[in-house]
Amino acid sequence: MAVLADPDSDRPTDDIVDVLIIGAGASGAVVASSLAETRMNILCLEQGDWIKSSEFPTNGRDWEARRYADFDISPNRRKRDTDYPINDDNSIMKIANFNGVGGGTILFTAHYPRMHPSDFRVRTLDGVADDWPIDYWTLEPYFAENDRITGVAGLPGDPAYPPHEPTMPPVPLGKSGTRYAKAMNQLGWHWWPSDISVATTEYNGRAKCINLGHCTPGCAQGAKASVDITYWPQAIRARVELRTRCRVREITTNEHGMASGVVYYDPNGVERFQPAEMVILAANGIGTPRLLLNSASPHFPDGLANSSGFVGKNLMLHPWPQVAGYVEDELDGDRGPMTVMWSKQFYETDPSRDFVRGYTMQFNRGTGPVNEAITSMILGRLPWGRGHHRVYRELLYRRLQIGIACEDLPEEHNRVTLDPVLKDGHGIPAPKIDYTMSENTRRMMEHGIARATEILATAGAKNIGCSRTLLNSPGHLLGTARMGLDPARSVVNAWGRCHDVKNLFIVDGSIWVTSGGVNPTSTIQALALYIADNIKKRLATLFD
Amino acid sequence: MSAGGTSDAELSTRELRDLRRLAAFMIPADARYGVPGADDETIFADIVLSLGRDAQAVRTALAMLQEIAGEDLHSLDAERAETAAMALLGRDDPVVKALGRAVLQCYYRDDRVLHSLGIEPLAPFPKGRALEQGDWSLLDAVRGRPQMWRDDREKGK
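Residues numbered from 1 in each chain as written. Chains lettered and ligands numbered in written order. Predicted model: local features only at pLDDT ≥ 70, side-chain atom pairs only at ≥ 80, totals over all residues.

Asks: Help me out: how do you make sense of the overall build of chain A in this one?
Replies: The helix and strand inventory of chain A stands at 11 helices and 16 strands. Computed over its C-alpha atoms, the radius of gyration of chain A comes to 23 Å, within 12% of the 24 Å expected for a compact globule of 544 residues. Looking at chain A as a whole, 61% of its 544 residues qualify as buried. Taking the intrachain contacts of chain A between residues at least 6 apart in sequence as the baseline, contacts between residues at least 24 apart amount to 72%. (Helix = DSSP H or I, 4+ residues; strand = E, 2+ residues; numbered from the N terminus. Rg over C-alpha atoms; globule rule 2.2 N^0.38 Å. Buried ≥ 20, exposed ≤ 12 C-beta atoms within 10 Å, placed from the backbone. Contact = placed C-beta atoms within 7 Å.)

Below, the structure written as structure tokens:
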């Protein structure tokens, strides 16, 4: 790393790069891999570490406990030195994320649905929020390409889902899925095996799933398609440089209002300047607005790329109640990927309901011995004392659990700002979250809870209960630098370039206009491929 | 860990004594199932060593317990001690949940407890587990149903 002079500071300055990507998660990996073919000089700065497969919890006997420790979904509990704190006291949903190569894909469940065509046309079809400036069909080839690179287990022919061709057979239904399926058929409601980004056969050098347990705390087998083992090896082979433990403090701009690089802290805590011809933000729906707001300057007093005032606003988190019940027979428990199937019965808007838009129902297997005990204790199902053992044996491996993936619509008061007091380990102001649930979402949620309760009762479950929001933050961080054609009401254009700063792009979930009722990773990655493709096609006039 | 330690990271001798007695009330030994209690020497040692992020919460819960009991738990007779323990455990308080998590995460990984549940005490990797395919014929009821997703390219949709 050469050291040049920085005219504004005595901090060390690195060699200029053509493309600087901030964040090595779901979208950063994709854009790095896609742009590599241009032979540009590409660098990615990631604040976290590589996570070795030998470090994942399922290697050890304490594997369930570690999901409440160094693999907890909350950065505020996990508290790795590579994490930054988030003030979510003023949010009914607590924030989940992971900082490291792979980002949120390290801890995601690998449930891998796409947004539906109607999700891009909510204003036109349902009269709410705004349409996206692009449609499903524009993204369709990128969805397919992403599925091919990632490897998706599933089954074509779902009548509730646009046509597509998963690359591997679906995960087994198992005892749990069979139980759900019988109940759904009895009710006459739609169900289908979920698209899941887990290898059910050997795939692109990845070993097949051996049912280690739920995929959330990382996959020691390497069957789950976290981007550290899918896109990143491709990108690195193509000479993209990835530097870990490098935390970006701010994006700098020059006298022309163009991004000139970033100030970051290297692994030794030394503040450095990294100049770049182009900067691409891939830091998720909270990290990205945090960085833009921390990059305020005399030229951009309200934060970088924020002339619209929309940076940080319209945060969408996907309220995700979980309805659980218990049957008499032993089911799958934690043996296998958590999610087995979905239902889109209530996905599309139905004017007869008291809410617009809809939700996916995600049918989950049970859970392991420690997690069953802890979650049941927290929800009051498992007593202490003399009745403990008897009740526990009625719960273990007998749980059916349905998650309701509710679409929440964009609302400006749901937002990310900078906390005036809280800072990370480098003294960088931390994000503060303000989030409440709309009445439409609340009605949708209650509708879903009632339907899930009906399904579980039909499946023969007893002791049915619901956890509404407290335990269920899915880590879907969306909408805080929205895409749009109107610079007064959006942050980036229809292909991810900031309206205000023409060599600054955003590729993560921040750019979502609405949230759909699905897990977002597949769509985030298709969008990143689409934006990378636009960058490649427009290279000659990219900053015009 | 030194049993007499009083640093932020370590429980005092009194706290350890109270925690162990409390653990016995939380999950008692039960001969019907052939399981030890959470106060079993091996399990309790694991609990103490594994407090980690919950250490301060557990310490706070033990202080609450002392307040409820009016004195150290170990000095109460069995009936009064159990009453105080259950009063604490009945509280809807984050530190009580943290205490519960600290005990449960160790209890349900003990070899004897897992054996009693019919679970092989192994890390999941590398052996893995079996998962049956299930009854795929059930999907026949859904195949071929009319399209349910809205195609925005169709007029009027």
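Picking up after the structure, the text goes on.
Asks: Explanation requested: the interface of chain A and chain B in the structure shown.
Replies: By a frequent convention, interface size equals the accessible area lost on bringing the separate parts together. In this complex, chain A contributes 58 residues to the contact, which on the side of chain B involves 47 residues. Of all the elements in the fold, those that place two or more residues in the side of chain A that touches chain B are α5 (174-187), α8 (369-378) and α9 (388-395) of chain A. The greatest single-element share of the side of chain A that touches chain B, amounting to 7 residues, is contributed by α5 of chain A. Considered class by class, the residues forming the side of chain A that touches chain B number 27 nonpolar, 18 polar and 13 charged. (Nonpolar A, V, L, I, M, F, W, Y, C, P; charged D, E, K, R; others polar.)

Asks: Please clarify how α9 of chain A should be interpreted in this entry.
Replies: An α-helical turn contains 3.6 residues, so a residue and the one three or four places further along point in the same direction. Residue and element names in this part refer to chain A. Among the residues making up α9, those that are buried are His388, Tyr392 and Leu395. Seen from one end, α9 has its buried residues packed into an arc of 60°, which puts them on one side. Packing partners of the buried residues in α9 comprise β9 (322-326), α8 and β12 (399-406). Looking one or two residues past α9, Tyr397 carries a phi angle of roughly 65°, positive in sign. (Arc of directions from axis to C-beta.)

Asks: Please clarify how unusual backbone geometry should be interpreted in this entry.
Replies: A negative phi angle characterises most non-glycine residues, just as the trans form characterises most peptide bonds. Omega for the bond connecting Phe125 of chain B with Pro126 of chain B falls within 30 degrees of zero, at 10°, which places this linkage in the cis form. With a phi angle near 65°, Arg39 of chain A is a residue other than glycine that sits in the positive phi range. Within the fold, Arg39 of chain A resides in the loop between α1 (26-35) and β2 (42-45). Of note in the backbone geometry, Tyr397 of chain A takes a positive phi value of approximately 65° without being a glycine. Its place among the elements puts Tyr397 of chain A in the loop between α9 and β12.

Asks: When you look at the nonpolar core in this model, what are you seeing that I'm missing?
Replies: Soluble globular proteins: nonpolar side chains tend toward being buried together. Leu20, Ile22, Val31, Val279 and Ile280 of chain A together with Val103 of chain B are the most contacted members of the largest nonpolar core, which has 201 residues in total. If one sorts the elements of this core by residue count, helix α11 (residues 521-537) of chain A sits on top with 9 residues. With residues near it in sequence (within four places) discarded, Ile22 of chain A still touches Leu45, Val248, Val262, Val279, Leu281, Ala282, Ala283 and Leu291 of chain A. (Core = buried A, V, L, I, M, F, W, Y, C linked by C-beta atoms within 7 Å.)

Asks: Which parts of the structure should I look at to understand the environment of Val327 of chain A?
Replies: Residues and elements named next belong to chain A. Looking at where Val327 falls in the secondary structure, it is placed in the loop between β9 and β10 (339-343). Look at Val327 and you get buried, because 21 C-beta atoms sit within 10 Å. Val327 sits 137 residues away from Ile464 along the chain, and the two C-alpha atoms are 9.8 Å apart. Discounting residues that sit within four places of it in the chain, Val327 has contacts with Arg179, Arg398, Leu400, Ala459, Gly460 and Ala461.

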